[in-house]
Amino acid sequence: MRLTRREILKTFLGAPFALAACREQSPPARFPEGEVVGQNATLGHILREGRTFEVPADNWKTVKAAIVGGGIAGLSAGWKLKKAGLEDFVLLELEKDVGGTSMSGIGQPVSYPWGAHYLPVPFQENTELIELLDEMQLTEGRSENGDVVIKEQYLCREPEERVFYKGRWYEGLYLHAGENEDDKRQFAEFQNQIDHWVNWRDASGRRAFVVPSANCSRDTEVTELDKISFAEWLRQNNFTSERLRWYCDYACRDDYGLKLEQTSAWAGLFYFCSRVKESGDESQPFITFPEGNGRYVNHMSGRVRDKIFKSHVVVSIVQNDTNVDVVCLANNELRGFRCEKLIYASPIFTAPYVIRGFNEAAPFSASEFQHNAWFVANLFLKDRPKPRFPRDFPLAWDNVLYESPSLGYVNATHQKGIDHGSTIWTYYYPMCHEENSRTKLFNYEWRDLADVCLTDLVRAHPDIYDLCERVDIMRWGHAMISPRPGFIWGETREKALKPFRNIHFAHTDLSGIALFEEAFYHGLRAAEEISTAETRRR
Ligand SMILES: Cc1cc2nc3c(=O)[nH]c(=O)nc-3n(C[C@H](O)[C@H](O)[C@H](O)COP(=O)(O)OP(=O)(O)OC[C@H]3O[C@@H](n4cnc5c(N)ncnc54)[C@H](O)[C@@H]3O)c2cc1C
């Protein structure tokens, strides 16, 4: 049954706001154009049918290795194989473009992200990631203590963040305006806790929280934190301040698409501690581009361009005695790739549908890799909204609405220093407020979701309907792996890190956290496993 506008707004923006929006706002004189873009929705159906696929005998190609999935993990694996001198491989991607959740769009005046939009400057220990940044010419050497120095133009410029609260914009993400003495005390105490965990080291000198997470301590003092929710951890530490809880809840929604109550305390603290070098330091600065992490996608895919097969849906993987047979559906034609080793860089929950015999031998429970759903909207504006007050805090890179369940928007022209005229805003909405959010998301039409986004933003920008010419929407059914309590340090993830015969898994899912660095790490790890075996054989 079709929902009314008020019901849809209530679902996404809450009852009081939906009521007010339907009562107080007169219908806009004009509604922008747009469409739902991306994501091949037919894959799920094809895979669930469990069909058998007969590839014509002359449509087989033999290669040393195949990579399934062209997100950051798959591209990183390809980048690494090529660097290791292993050239005989293919990368198979179901969409018509590579990038996965880091893909971007080309627009005017700049390109824009459809998902991931930043990378914090890595610590000096993350040498392979720094190697990539060097190769992309984003760096200008090392500091005296060996830290990588990123060229100024790629570090997020000021103002970085602002938050909208009760009709005004304020600097930063934590809402200091209007805080009382108890809020201040609790915020300071929270910082002390972060400092404690930033300084913490186990007996072998490992940090509690660091990126990539494979280097985090396994000491029970730290891993125990995975057994409770971040909300519970805040309760146990007497953090009751509403704005502090909002700040932590925002962090969970932002990095994990989960609410405070749904997120593991380990993951909550990882967000705040893993990118802080020493206690008292700020979090590492952000590297960003108008197209977000699409910049890395374009660079790495450029390096392995001749290996990429786009619009190739992998529908079946069969492990034989010595080979792995991969079957793809490419424009209604079946193609086969026979390889010795395979890197599975697709979301892990899909493994039982694609890998034949997976369930019978079940090395781990793939259904425990649970994702949440998001929708992302790109708004094409012909000009900037006027400030509501002459001295309101100006447009920043990241613009967050305190009273909204969305994450607000990122301004694509910010990093280019284009502060006037047309721009593109990327609006992010994690569907953590609804059960069965994935199914529901795909039942909403473009107009419903565009309406949610504009109704949300009009509270801060009354002239948004006059300025917005187009809204395109991407529905991410399986956006991010969910670090719910028990998942990060449970046994499932650990088991999935081991190869299943000749199949090596590589996806950010394997970290239990969706981040560029994690996907990159697993891509490199899987590529190394393959190239080391190859070198040994030679
Ligand atoms: C809205 C959003 C915002 C984000 N923001 C950030 C951010 O700012 N910074 C950050 O670090 N991270 C961010 N992330 C997370 C980040 O995007 C991921 O961690 C990273 O890009 C994951 O890469 P991946 O290769 O592991 O997986 P994916 O991106 O999931 O890539 C998997 C690929 O496999 C392909 N595939 C799946 N099945 C098949 C099949 N059967 N055959 C062939 N191909 C297949 C998919 O099409 C896809 O291209 C964000 C994620 C989302 C959803």
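Residues numbered from 1 in each chain as written. Predicted model: local features only at pLDDT ≥ 70, side-chain atom pairs only at ≥ 80, totals over all residues. Heavy atoms only, no water.

Q: Report on the overall build of the protein, specifying residues and quantitative values.
A: Summing up its helical and strand segments, the protein has 18 helices and 21 strands in all. Relative to the 2.2 N^0.38 estimate, which gives 24 Å for 538 residues, the radius of gyration of the protein is 23 Å and therefore close to what a compact globule would have. Here the protein holds 538 residues, and 58% of them are scored as buried. Taking the intrachain contacts of the protein between residues at least 6 apart in sequence as the baseline, contacts between residues at least 24 apart amount to 73%. Accessible area of the protein: about 23100 Å², with a carbon and sulfur share of 47%. Across the protein, the centroid of the 64 positively charged side chains sits 3 Å from that of the 76 negatively charged ones. (Helix = DSSP H or I, 4+ residues; strand = E, 2+ residues; numbered from the N terminus. Rg over C-alpha atoms; globule rule 2.2 N^0.38 Å. Buried < 20%, exposed > 50% of the residue type's maximum accessible area, 1.4 Å probe, protein only. Contact = heavy atoms within 4.5 Å. Areas by Shrake-Rupley, 256 points an atom, 1.4 Å probe, with all protein chains shown as cover. Lys, Arg positive; Asp, Glu negative; His and termini not counted. Charge placed at Lys NZ, Arg CZ, Asp CG, Glu CD.)

Q: Can you explain the site of the ligand? Please cite residues and give values.
A: In the region of the ligand, 35 residues are neighbours, and Glu93, Thr101, Ser102, His507 and Phe516 sit closest. Here the ligand has 1000 Å² of accessible area as a free molecule, and 95% of this is covered by the chains. Those elements that place two or more of their residues in the shell around the ligand are α4 (72-83), β13 (313-319), β16 (371-381), β20 (468-481) and α18 (516-537). Across the shell around the ligand, the residue classes break down as 20 nonpolar, 13 polar and 2 charged. (Near = heavy atom within 4 Å. Nonpolar A, V, L, I, M, F, W, Y, C, P; charged D, E, K, R; others polar.)

Q: Describe the packing of aromatic side chains, naming the residues involved and giving the relevant values.
A: How two aromatic rings sit relative to each other is set out by the distance from centre to centre and by the angle between their planes. Within the structure shown, the criterion is met by 47 aromatic pairs. Members of the aromatic cluster, connected to one another through ring pairs, are Tyr174, Phe187, Phe190, Phe230, Trp233, Phe239, Tyr247, Tyr271 and Phe272. Above the plane of the ring of Phe389 lies Arg168, whose end atom (NZ or CZ) is 4.3 Å from the centre. Seen from the ring of Phe89, Lys307 lies directly overhead, with NZ or CZ sitting 5.6 Å from the centre. (Phe/Tyr/Trp six-rings, centres within 6.5 Å; stacked < 30°, edge-to-face > 60°. Lys NZ or Arg CZ within 6 Å of the ring centre and 35° of its normal.)

Q: Explain the pairing of strand β14 (residues 324-330) to me, and be specific about the residues and the numbers.
A: With 7 of 7 residues buried, β14 is to be regarded as a mostly interior element. Where burial is concerned, the two faces of β14 agree: the one with Val324, Val326, Cys328 and Ala330 and the one with Asp325, Val327 and Leu329 are both buried. With 6 bridges connecting them, β13 and β14 associate as antiparallel partners. By the bridge assignment, Val313 is partnered in β14 with Leu329. What sits between β13 and β14 in their antiparallel hairpin is a turn of 4 residues. Of the strand pairs in this sheet, β14 and strand β15 (residues 333-344) are connected by 7 bridges, and their pairing is antiparallel. Paired with Ala330 across the strands is Glu333, a residue of β15. The turn joining β14 and β15, which pair antiparallel and follow one another in sequence, is formed by 2 residues; a positive phi near 50° is taken by Asn331. (Pairing = 2+ DSSP bridges.)

Q: An account of helix α9 (residues 242-256) is needed here, citing residue identities and associated values.
A: Residue pairs three or four apart in sequence face the same way in an α-helix, which turns once every 3.6 residues. The end-to-end C-alpha distance of α9 is 20 Å, a good match for the 21 Å that 15 residues give at a rise of 1.5 Å each. Positive backbone phi, at 65°, marks Gly257, one or two positions downstream of α9. (Expected span 1.5 Å × (residues − 1).)

Q: Any details on the packing of α4 against helix α5 (residues 127-135)? Residues and values, ideally.
A: Two quantities define a packed helix pair, namely the angle between the axes and the distance from one axis to the other. Where α4 meets α5, the closest approach of the two axes is 13 Å, and the angle between their N-to-C directions is 85°. Taken together, the axes of α4 and α5 are roughly perpendicular relative to one another. Touching Trp79, Lys80 and Lys83 of α4 are Glu128, Glu131, Leu132 and Glu135, all from α5. Across the contact of α4 with α5, the residue classes tally to 2 nonpolar, no polar and 5 charged. (Axes fitted to C-alpha atoms, helices over the stretch in contact; angles between N-to-C directions. Parallel < 35°, antiparallel > 145°, perpendicular 65-115°, else oblique.)

Q: Can you explain the pattern of salt bridges? Please cite residues and give values.
A: For the structure shown, the criterion picks out 31 salt bridges. The salt bridge partner of Arg470 is Asp472, with a shortest N-O separation of 3.1 Å. Owing to a relative accessible area of 25%, Arg470 belongs among the partly exposed residues under this scheme. Each member of the salt-bridge network shares a partner with another, and the members are Glu33, Glu35, Arg470 and Asp472. (Salt bridge = Lys/Arg side-chain N within 4 Å of Asp/Glu carboxyl O.)

Q: An account of the packing of helix α6 (residues 181-199) against helix α10 (residues 265-273) is needed here, citing residue identities and associated values.
A: Two elements in contact, α6 and α10, have axes separated by 10 Å at closest approach and are oriented at 90°. Between α6 and α10, the angle is such that the two are roughly perpendicular. The segment α6 lies against α10, with Phe190, Ile194, Trp197 and Val198 engaging Leu269, Phe272 and Cys273. For the contact of α6 with α10, the per-class residue count stands at 7 nonpolar, no polar and no charged.

Q: Help me get a handle on the pairing of strand β7 (residues 139-142), residues and values and all.
A: For β7 and strand β8 (residues 148-150), the ladder comprises 2 bridges, and the chain directions are antiparallel. Across the sheet, residue Thr139 finds its bridge partner in β8, namely Ile150. Once β7 ends, the chain turns through 5 residues before running back antiparallel as β8, passing Gly146 with a positive phi of about 95°.

Q: Describe the sheet that holds β16, and please don't skip the residues or the numbers.
A: Either a parallel or an antiparallel arrangement is found when strands of a sheet pair, and the pairing is made through backbone hydrogen bonds. With respect to topology, 8 strands assemble into an open sheet ordered β1-β20-β16-β19-β18-β17-β9-β10, the strand pairing being mixed. Each edge of the open sheet is held by one strand with a lone partner, namely β1 (36-37) and β10 (168-171). Bridge count for β16 against strand β19 (residues 423-430) is 8 bridges, and the pairing is antiparallel. Counterpart to Leu381 in the pairing with β19 is Thr423.

Q: Hey, could you go over the nonpolar core for me, with residue numbers and the actual values?
A: Counting residues in each nonpolar core, the largest one holds 108 residues, and the members touching the most others are Ile317 and Phe505. Ignoring anything within four residues of it in the chain, the contact list for Ile317 reads Val68, Val324, Asp325, Val326, Leu342, Tyr344, Val354, Ile355, Arg356 and Ile503. Ranked by size, the runner-up nonpolar core spans 41 residues in total, among them Ile72, Met300, Ala345 and Ala506. (Core = buried A, V, L, I, M, F, W, Y, C linked by side-chain atoms within 4.5 Å.)

Q: Can you lay out the environment of Phe500 for me, pointing to particular residues and giving the numbers?
A: Relative to the assigned elements, Phe500 resides in the loop between α17 (491-496) and β21 (503-505). It is 9.9 Å that separates the C-alpha atoms of Phe500 and Leu342, two residues lying 158 residues apart in sequence. With residues near it in sequence (within four places) discarded, Phe500 still touches Gln319, Ile355, Gly357, Phe358, Ala361, Pro363 and Phe505.

On their own, these measurements won't tell you what the molecule is for.
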